[in-house]
Amino acid sequence: MTATTDSAPPQAEKRPLARRLAGANTLWIALVLLALIVVFAIIDPSGILNVTNLQYLLIETSVLLVLSVGMTFVIVTSGIDLSVGTVLVFSGVASALTMNALSGGDSTNAGWGVIAVGGVVAVGSGALWGVVNGLLIAKARIPALIVTLGSFGAALGAAELLTGGSDVRSVPTALGKALGSGTSFGGIPNMVLLAAVVAAIGAWLLATTRFGRYTYAIGSNEVAAQRTGVGVTRHLVLVYALSGLLSGLAGFMSLAYFTTTTLTSHSTDNLNAIAGTVLGGTSLFGGVGSVIGTVIGVFIPAVLNKGFVIIGVSPFWQPIAVAIVLVAAVWFDQARRRARNQR
Amino acid sequence: MSTPLLEARSLVKHYGSVEALRGASFEVAAGEVVSLIGDNGAGKSTFIKCLSGAEQPDSGEILLEGKPIHLDSPTTARSLGIETVYQDLAVAPDLDPAANLYLGREIKRGGILGALGMLDKKEMRRRASEEFARLGVTLQNVDVPIGALSGGQRQSVAVARSVVWASKVVFMDEPTAALGVVQRERVLDVIRKVRDAGIGVVLISHNMPEVLSVSDRVEVLRLGKRVARFTAGDASLEDLVGAMTGALVQEDVS
Ligand SMILES: Nc1ncnc2c1ncn2[C@@H]1O[C@H](COP(=O)(O)OP(=O)(O)OP(=O)(O)O)[C@@H](O)[C@H]1O
Ligand SMILES: [Mg+2]
């Protein structure tokens, strides 16, 4: 046997940490975010690093972050969910109307029991939209783009039917105080804490569990996943349900923050969530991505926006700057894939 | 001969108007390597897919150890100890080799985290490295996506995945097509090892010297039907080519 020892294949190893990091999109996008912050900080040191500005930046991004965590799972399966913003609106409406009904028409002074029911209704109704999306996509095999474009319109229509087209403005004050404008641990907004918890759980779920692994496997090669015994249909329904559930939670957060249902202000949430997710290194082709990347990606448009305001550049430049970064990110991803597939 | 390990009787499979299988029969015994050969489009891959649950035949019978079985999905076949290397490999290119080896059979951690679905990646990686070393699969890194490996390495991983889990039958649809000389010999060695462990191996290959060197028997498929059977020791290259092209017919092809 000694003769074969020298020709025995070397034990495969893990690459050194530095090389693995350099190969990860997340690192590059984190550097871009850092560079943006540094540039804005140099131009106006008291602007972006000011505590109040930072708080607003974080609060305003937290609802979008919750949507984007769900979007990350969906895009990793190589799907898409265009309905997140209007499902958010629908869930907010369903929740507000339920709380009002339980309080005899006006929930302004409602207690925590009613608020808890409202929370469950928001999350539950969101999840329900997600399950419908998932069944149509995974079972009926209708493309995700079409299904979620349909529910994008249908959820908003349903919300407007329920409210007659005008916002529900009676929302429990206790909810607004606690979640919407409350802070913990010496000034950290509760909205931000909740979004951080969602992102942390999402990151754990995607990176370390079997649920996450199947999500990657389906996005990478659905046929392979199916042939190795992954329940593809069931898993896809769960992924869209998760996205819907998080949209519902985001609807509840939005309700708490604005203390009204904001029917008209979420028509581009879906695009913002997709942009944040893709900026964060999640591939539209599926199989690649991370929640940590999404957290960073979501903050790039937000920082650009705040930064432009602070340094006095017209905020109309923000979408243009985001578009450039986004197209560059996708181009980079495609080039990487082409290089790999040419072997 | 005693009852074959796996037997297919008169399988028929249509794809729309294309008749890929027209009553194909086949058998493999335990501890035997059978090569399934035939021209391009003869129906070999379709046949394997039917026998591994990836496709369902329109009619015909499949028997495992003499008992009729219904393979409604690859999962069913896998649970019966039947593993397959598909011609298109069916690996997830964005996952690393260890993740591919354990796809659908992940090892979870102990305790509450495991109950929540958390994977024991380290253990899977360690065991995967062992298996790869044992089967002669050379990889520089275990944590790169499999799509970044060479075509031959990817194929070796797919072969390793099938033989690690098989307990009854392994189907290999052109497992050596992209391999260099050394890797090809390794795969053929693996095939012999698996056979010696009492597993039935079904090999599809267009490489006739390879077929003659590794198989115990050869079955020939032509236009969706079995047209000839040989014992590898008795068959010559001319016999095989003749059977594939239709110049030589042993079985009834009415
Ligand atoms: N999914 C499919 N849809 C339609 N026709 C198919 C499909 N799969 C196979 N066929 C047809 O069935 C016939 C047999 O194909 P199959 O792939 O089984 O051949 P093969 O013997 O494996 O060939 P090769 O040696 O080239 O791999 C071909 O005529 C092919 O066009
Ligand atoms: Mg084939």
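Up top you'll find the structure we're talking about.
Residues numbered from 1 in each chain as written. Chains lettered and ligands numbered in written order. Predicted model: local features only at pLDDT ≥ 70, side-chain atom pairs only at ≥ 80, totals over all residues. Heavy atoms only, no water.

We now examine the layout of surface pockets. All names here are of chain A. Empty space within the second largest pocket amounts to approximately 940 Å³. Elements with a contribution of two residues or more to the lining of the second largest pocket: α4 (51-76), α12 (232-258), α13 (269-279), α14 (291-311) and α15 (317-341). The element contributing the most residues to the lining of the second largest pocket is α4, with 7 residues. Here the residues of the lining of the second largest pocket are counted per class, giving 21 nonpolar, 9 polar and 3 charged. (1 Å grid on protein atoms, 1.4 Å probe; cavity = no way out; pocket = protein on both sides within 12 Å on 5 of 7 lines; lining within 4 Å. Points joined across faces, edges and corners; volume = space filled by probe spheres on them. Helix = DSSP H or I, 4+ residues; strand = E, 2+ residues; numbered from the N terminus. Nonpolar A, V, L, I, M, F, W, Y, C, P; charged D, E, K, R; others polar.)

Here the focus is the nonpolar core. Membership of the largest hydrophobic core comes to 74 residues, with the highest contact counts inside it found for A:V66, A:V69, A:L175 and A:M253. In terms of residue count, the dominant contributor to this core is α12(A) (13 residues). Once residues within four sequence positions are removed from consideration, A:L175 is found in contact with A:M99, A:I115, A:G180, A:F252 and A:A256. Counting 36 residues, the second largest nonpolar core, distinct from the first, contains B:Y102, B:I107, B:F132 and B:I199. (Core = buried A, V, L, I, M, F, W, Y, C linked by side-chain atoms within 4.5 Å. Buried < 20%, exposed > 50% of the residue type's maximum accessible area, 1.4 Å probe, protein only. Contact = heavy atoms within 4.5 Å.)

Residue and element names in this part refer to chain B. Distances from the magnesium ion (ligand 2) to its protein donors, S45 (OG) and Q87 (OE1), fall within 1.9 to 2.2 Å. In this pair, S45 is assigned in helix α1 (residues 44-51) and Q87 in the loop between β6 (82-85) and α3 (97-101), connecting sequence segments 42 residues apart. For S45, a relative accessible area of 19% translates into the label buried. On the basis of relative accessible area, Q87 is assigned to the partly exposed category, the value being 43%. (Donors = N, O, S within 2.8 Å, 3.2 Å for Na, K, Ca; no water.)

Now for the interface of chain B and chain A. Facing the 44 residues of chain B at the interface are 33 residues of chain A. Buried area between chain B and chain A, summed over both chains or domains, comes out near 3200 Å², and the portion from carbon and sulfur atoms is 54%. Of all residues in chain B, the largest losses of buried area upon contact with chain A belong to B:D94, B:L103 and B:D143, amounting jointly to 17% of the total for that side. Between the two partners, chain B and chain A, sit 1 salt bridge. Across the pair A:R227 and B:D88 runs a salt bridge whose closest N-O atoms are separated by 3.1 Å. Joining chain B to chain A, the criterion identifies 8 residue pairs in polar contact (both at pLDDT 80 or more). Elements supplying a minimum of two residues to the side of chain B that touches chain A: α2 (74-79), α5 (121-134) and α6 (151-165) of chain B. Counted by class, the side of chain B that touches chain A contains 22 nonpolar, 9 polar and 13 charged residues. (Buried area = accessible area lost by both parts, 1.4 Å probe. Salt bridge = Lys/Arg side-chain N within 4 Å of Asp/Glu carboxyl O. Polar contact = N/O pair within 3.5 Å; in protein donor to acceptor, adjacent residues only side chain to side chain.)

Bringing the sheet that holds strand β7 (residues 169-173) of chain B into the picture now. Residue and element names in this part refer to chain B. Taken in spatial order, the 6 strands make up an open sheet running β6-β7-β8-β3-β9-β10, and their pairing is mixed. Looking along the sheet, the strands with just one partner apiece sit at the ends: β6 and β10 (225-231). Across the sheet, the mean angle separating the axes of adjacent strands is 20 degrees when strand polarity is ignored. Summarising the sheet, strand β9 (residues 217-222) and β10 pair through 6 bridges and their orientation is antiparallel. Paired with V218 across the bridge in β10 is F230. With respect to the sheet, α6 is in contact with β6 and β7, its orientation differing from that of β6 by roughly 175 degrees. Where helix α7 (residues 181-196) meets the sheet, it contacts β3 (33-37), β7 and β8 (200-204), and its direction lies at approximately 150 degrees from that of β8. (Pairing = 2+ DSSP bridges. Axes fitted to C-alpha atoms, helices over the stretch in contact; angles between N-to-C directions.)

All names here are of chain A. Across all of its chains, the model carries 23 salt bridges over all chains by this definition. Residue K306 is joined to E60 by a salt bridge in which the shortest nitrogen-to-oxygen separation is 3.5 Å. Placement of the pair is K306 in helix α14 and E60 in helix α4, with a sequence separation of 246 residues. Overall, E60 belongs to the partly exposed group, its relative accessible area being 47%.

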